[in-house]
Amino acid sequence: MKIIPFNVKPCIPEKLMPLTELANNLWTTWNYEATNLFLRLDYDSWIASNQNPVKMLGLVSQKKLEQMAMDDSYLAALETVYGKFTRYMTGERWYKDSHSNVIAYFSMEYGLDISLPIYSGGLGVLSGDHLKTCSDLGLPVVGIGLLYRQGYFHQYFNRDGFQQESYPENDWYTMPVTRRTDEKGNPIVIKITLGSSAVTAQIWEVKIGRNSLYLLDTNIPENNPEDRNITATLYGGGRETRIKQEILLGIGGIRALRALGINPAVTHMNEGHSAFLALERIRELIEQHKLTFDEARQLVWVTNVFTTHTPVPAGNERFPMELMEKYFKNYIKGLNITWDEFISLGLENPFDSHEQFCLTILALKLSAYNNGVSRLHGRVSRKMWCSIWEELPDEEIPISHITNGVHPKTWLAPAMSNLLDKYFGPRFIDEPTNLDIWDRIERISDEELWRTHEIRREELVVYARERLKNQFIRQGKPDSEIAVAEDVLSPYYLTISFARRFATYKRGNLLLKDPDRLIQLLSNKEHPIQLIFAGKAHPDDMPGKEMIKEIIHFASDPQVRSKIIFLENYDLSLAHYLISGSDIWLNTPRRPLEASGTSGMKAAINGVLNVSVLDGWWDEAYNPDIGWAIGKGEEYENHDLHDEIESKALYDLLEREIIPLFYSRGRDNLPHAWIKRMKASIKQIGHRFCSPRMLVEYSESFYFPALSNYLKYTENDYKNAKELSKYLSSLFKYWKNIKIKTVHTQFDKILTVGEKFTVNAKITLGELKPEDVKAEIYYGHLSSTGIIEEAQKLEMNCTGFSNQVGEYSVEVPCTFPGRLGFSLRVIPNHPLLVHPFIPGQVIWS
């Protein structure tokens, strides 16, 4: 049977046409007045569409559309919202420079809205917040990703509480995505070679305020069935599917931008999945501008940004050599390098024949700007990848940190958003980088803040009951159990939520370590508490699934079943209710395995207090005024002992501090001490962990310097890229000839603060010149193991040079007391280097 496809769009009356533009721009997702327009248009259609405004417009009857087109009140509200949207799109921006060269942001997933299910969890939600904030700030950023036909799986439980998965198909023609076409109306496509297959991908666009996200899709007739499935599921399939997806994302993503006429002057790899993009950028420069591999590499290096999210080596993307050969043997011909040279780009130790090719290493080696996603994670990452720069102290490994942040207008509940708008004023919206605005939380009375919070808890309970009821109906449970679902939880009890991915290291069952003690807490009639759990385990993670089943079985105990529930299919809709209606946001990872985490930030700006292990973002955010810490940042080898200690610490916190504080009420029945912490949490977390702060840091530390580098390195026929390549080629050739001949100093063994001593040295430079290197004194406190800690650096002056030997001298001040030590080192030096820490290029005395 031959099927001829065609599309039908809804017939929207002229007066309602702005709804079409609003429906197709995700600006509506962080502007509740816009969302309310669709709710008001037809509530039943809004619910039936799963809160998808594009689909909803096709569900509303023509009669209803015509009726609303004659409703003066509705048209006035539409005019107001559309005017706000227009002013946002054309208004003043924080970034005021040129948009001719863009920053291309690559991510495997994007959690933008429930209407576009192409995300699995935190990485995707962060990517979504990143692009929304780029729009708010007016940054020249475009997103690149993949359009997954089935997205991430839907979770449901069988009657025994065991997680199962379904993969519903997405209908892109009723979602806020638009296929990009050329002037003749034909789809814009790109082609890549994957092994023996020539694969074609079409490009879809998602509008996110002022900015755009472009998504690649291989599910088209030109491809064979196997290749059509490349973009079938997020994180699905085996290793071969994964490498195909990541080649498509990285290499195909660069080609897609070119096909759209967009110049990716700077590329930002959000995790290592897209690292192959660096190879494509190098290949383009070789082919189009006749650069050598090394010359092209220097331009790419100074314009690449890489953010790592994984705190354990096993979590980084690696591929066996047989897959690399299958998919890159022919590709590297365009790079003009040997196979061994290519493979070494992805190896810690190029001489280890058993090591697999690692995308994180590829990204680190081809990016001048690298970062972890919290202060602790930056430290963990530097230690984890120190073998690449094995001559450097951990603190100098060129991996910094920019702690994640959340997009406030997306994650503030409508009631809380309205409250903050009332007291913060218009600058809260118009000046997203004005972080001091959060100090105005003190203007809100305790009564008004608490009542707003109580309303949100009531809404959470109503929503949770309805969701649990539908969950039980799907499971075919008897009417008696369905009736229980309609009466679970209370809008007045202390509500604790744990909602996140169910990986074993997150220890979602830590509260169940002592079941009797937990039952006692849940059964307390004077100071009652209730627990809400939600989260998915990866389909292949059996221990994670068993953890979920354990909680569901515990929740079925008649003693506690009205006070503890597990809601299936954790998604953005459920997240919004949980992070705004809970009282406590619980987080129990094994330190230091949580790179950052952002759900606690979302909860905090809604006045929900965090109780967490000191890991990820909470390690740098915590103070006693805003929440509670489980432990003091200890790390354990023995997991059973770890769980035993921290579960007891959690029970103690609940019994002795958290529950009593919540129920300690004044004469006005308000928990003033609790509200004080709520205000401190909103103020501190809003100021320090919002996405505008994050994007300002990315811009000032990475984006702006990288854009400047692009202009500097491409001018005059890539003169600077060629110059730096020539310098590094000479450096690599002659580095082995550098020798520190003598280091001489003369001082008493005991010095006094304020004194100085002189260090003189002679260094053989071989064929290199004094300006090619920098000699430094590296000094500081000596630890008990003889390691220099909290080091300071002083550049030595070259006082003479003859017969390939440089003479160097510097005065070292004694600025602090204690046992100190120093060493001398030689590192590369060139004005075009972003930083001097080139792997293998450090010599110590």
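To be clear, the structure that these remarks concern was listed above.
Quantities reported herein were computed from a predicted structural model and do not represent experimental measurements. (Residues numbered from 1 in each chain as written. Predicted model: local features only at pLDDT ≥ 70, side-chain atom pairs only at ≥ 80, totals over all residues. Heavy atoms only, no water.)

### Considerations on empty space enclosed by the protein
Next up, step 1: For the structure shown, the criterion picks out 2 cavities of 30 Å³ or more.
Next up, step 2: Considering only enclosed or pocket space, the largest cavity measures out at about 40 Å³ in volume.
Next up, step 3: If you go around the largest cavity, the residues you meet are Y105, L126, H130, H268, N270, T307, H309, N404, M694 and Y698.
Next up, step 4: Listed by contribution, the elements that provide at least two residues to the lining of the largest cavity are helix 7 (122-137), strand 9 (264-270) and helix 28 (691-734).
Next up, step 5: Of the residues belonging to the lining of the largest cavity, the class tally is 4 nonpolar, 6 polar and no charged.
Next up, step 6: Taken as a whole, the second largest cavity spans an internal volume of roughly 30 Å³.
Next up, step 7: Lining the second largest cavity we find F498, R507, G508, N509, L510, L511, L586, T588 and L650.
Next up, step 8: Within the lining of the second largest cavity, the residues separate by chemical class into 5 nonpolar, 3 polar and 1 charged. (1 Å grid on protein atoms, 1.4 Å probe; cavity = no way out; pocket = protein on both sides within 12 Å on 5 of 7 lines; lining within 4 Å. Points joined across faces, edges and corners; volume = space filled by probe spheres on them. Helix = DSSP H or I, 4+ residues; strand = E, 2+ residues; numbered from the N terminus. Nonpolar A, V, L, I, M, F, W, Y, C, P; charged D, E, K, R; others polar.)

### Structural notes on the packing of aromatic side chains
Next up, step 1: A full pass over the atoms with the stated rule returns 38 aromatic pairs.
Next up, step 2: Taking 5.2 Å as the distance between ring centres and 65 degrees as the angle between the ring planes, the aromatic pair formed by W617 and W618 counts as edge-to-face.
Next up, step 3: You can call W617 buried: its relative accessible area is 4%.
Next up, step 4: Take W618: its relative accessible area is 1%, and that puts it in the buried class.
Next up, step 5: An aromatic cluster of at least three residues, connected via ring pairs, comprises F276, F328, Y331, W339, F342 and F357.
Next up, step 6: Between the NZ or CZ atom of K477 and the centre of the ring of F472, over which it lies, the distance is 4.2 Å.
Next up, step 7: Sitting over the ring of F153, K536 keeps its end group 5.0 Å from the ring centre. (Phe/Tyr/Trp six-rings, centres within 6.5 Å; stacked < 30°, edge-to-face > 60°. Buried < 20%, exposed > 50% of the residue type's maximum accessible area, 1.4 Å probe, protein only. Lys NZ or Arg CZ within 6 Å of the ring centre and 35° of its normal.)

### Describing the pattern of salt bridges
Next up, step 1: Within the structure shown, the criterion is met by 48 salt bridges.
Next up, step 2: The partner of E396 in a salt bridge is R825, and the shortest N-O contact between them spans 2.5 Å. With E396 in the loop between helix 15 (375-384) and strand 14 (400-401) and R825 in strand 27 (residues 820-828), this pair connects stretches of sequence that are 429 residues apart. Assigned by exposure class, E396 and R825 land together as buried. (Salt bridge = Lys/Arg side-chain N within 4 Å of Asp/Glu carboxyl O.)

### Let's talk about the environment of L731
Next up, step 1: Mapped onto the fold, L731 is located in helix 28.
Next up, step 2: Since its relative accessible area comes to 0%, L731 is described here as buried.
Next up, step 3: When the C-alpha positions of L731 and P313 are compared, they lie 31 Å apart, and in sequence the two are 418 residues distant.
Next up, step 4: Excluding its chain neighbours within four sequence positions, the residues that come into contact with L731 are L768, D772, P828 and Q841. (Contact = heavy atoms within 4.5 Å.)

### What about the sheet that holds strand 21 (residues 739-745)?
Next up, step 1: With antiparallel pairing, 4 strands are arranged side by side in an open sheet as 21-22-26-25. Each edge of the open sheet is held by one strand with a lone partner, namely strand 21 and strand 25 (797-802). Pairwise comparison of adjacent strand axes, ignoring direction, gives a mean angle of 20 degrees for this sheet. (Pairing = 2+ DSSP bridges. Axes fitted to C-alpha atoms, helices over the stretch in contact; angles between N-to-C directions.)

### Quick notes on the environment of E395
Next up, step 1: Structurally, the position occupied by E395 is in the loop between helix 15 and strand 14.
Next up, step 2: Residues E395 and R382, spaced 13 residues apart in sequence, show a C-alpha to C-alpha distance of 7.1 Å.
Next up, step 3: Once residues lying within four places of it in the same chain are set aside, the contact partners of E395 are R382, Y778 and A791.
Next up, step 4: Among the polar contacts made by the side chain of E395, one reaches the side chain of Y778 at a distance of 2.7 Å. (Polar contact = N/O pair within 3.5 Å; in protein donor to acceptor, adjacent residues only side chain to side chain.)

### Section: the packing of helix 9 (residues 239-259) against helix 12 (residues 321-328)
A pair of packed helices is captured by two measures, namely the crossing angle of their axes and the spacing between those axes.
Next up, step 1: One way to put it is that helix 9 packs onto helix 12 with a least axis distance of 11 Å and a crossing angle of 45 degrees. Considering their axes alone, helix 9 and helix 12 lie oblique with respect to each other. Crossing of helix 9 over helix 12 shows right-handed handedness. Packed against helix 9, whose contacting residues are R239, E240, I243, K244, I247 and I251, the element helix 12 presents L323, M324, K326, Y327 and F328 at the interface.
Next up, step 2: When the residues that make up the contact of helix 9 with helix 12 are grouped by side-chain class, the tally is 7 nonpolar, no polar and 4 charged. (Parallel < 35°, antiparallel > 145°, perpendicular 65-115°, else oblique. Left-handed = near helix turned anticlockwise from the far one by under 90°.)

### Some thoughts on the nonpolar core
One recurring pattern in soluble globular proteins: nonpolar side chains tend to sit buried together.
Next up, step 1: In this structure, L16, F276, L279, M324, F328 and F342 are the most contacted members of the largest nonpolar core, which totals 176 residues.
Next up, step 2: Top contributing element to this core by residue count: helix 28, with 16 residues.
Next up, step 3: Every residue in contact with F276, bar those within four places of it in the chain, is listed here: I243, E246, I247, G250, I251, M324, F328, F357, L359 and L362. (Core = buried A, V, L, I, M, F, W, Y, C linked by side-chain atoms within 4.5 Å.)

### Section: the environment of L248
Next up, step 1: Within the secondary structure, L248 sits in helix 9.
Next up, step 2: Take L248: its relative accessible area is 1%, and that puts it in the buried class.
Next up, step 3: In this structure, the C-alpha to C-alpha distance between L248 and A534, residues 286 residues apart in sequence, is 33 Å.
Next up, step 4: With residues near it in sequence (within four places) discarded, L248 still touches L146, I190, I192, A201, L216, T218, I230, T231 and G253.

### Focus: the sheet that holds strand 28 (residues 843-844)
Next up, step 1: The 4 strands are arranged 24-23-27-28 in an open sheet whose pairing can be described as antiparallel. For this open sheet the edge positions go to strand 24 (788-795) and strand 28, each flanked by a neighbour on one side alone.
Next up, step 2: Sheet topology note: the strand 23 (residues 773-782)/strand 27 ladder contains 9 bridges and is antiparallel. Bridging from a neighbouring strand, A775 pairs with V826 of strand 27.

### Concerning unusual backbone geometry
Next up, step 1: Here the bond from R591 into P592 is cis, since omega is 5 degrees, no more than 30 degrees from zero.
Next up, step 2: The phi torsion at N50 lies on the positive side, around 60 degrees, for a residue other than glycine.
Next up, step 3: Among the secondary structure elements, N50 is positioned in the loop between helix 3 (43-48) and helix 4 (53-59).
Next up, step 4: The phi angle at E790 is positive, at roughly 50 degrees, despite the residue not being glycine.
Next up, step 5: As for its placement among the helices and strands, E790 is situated in strand 24.

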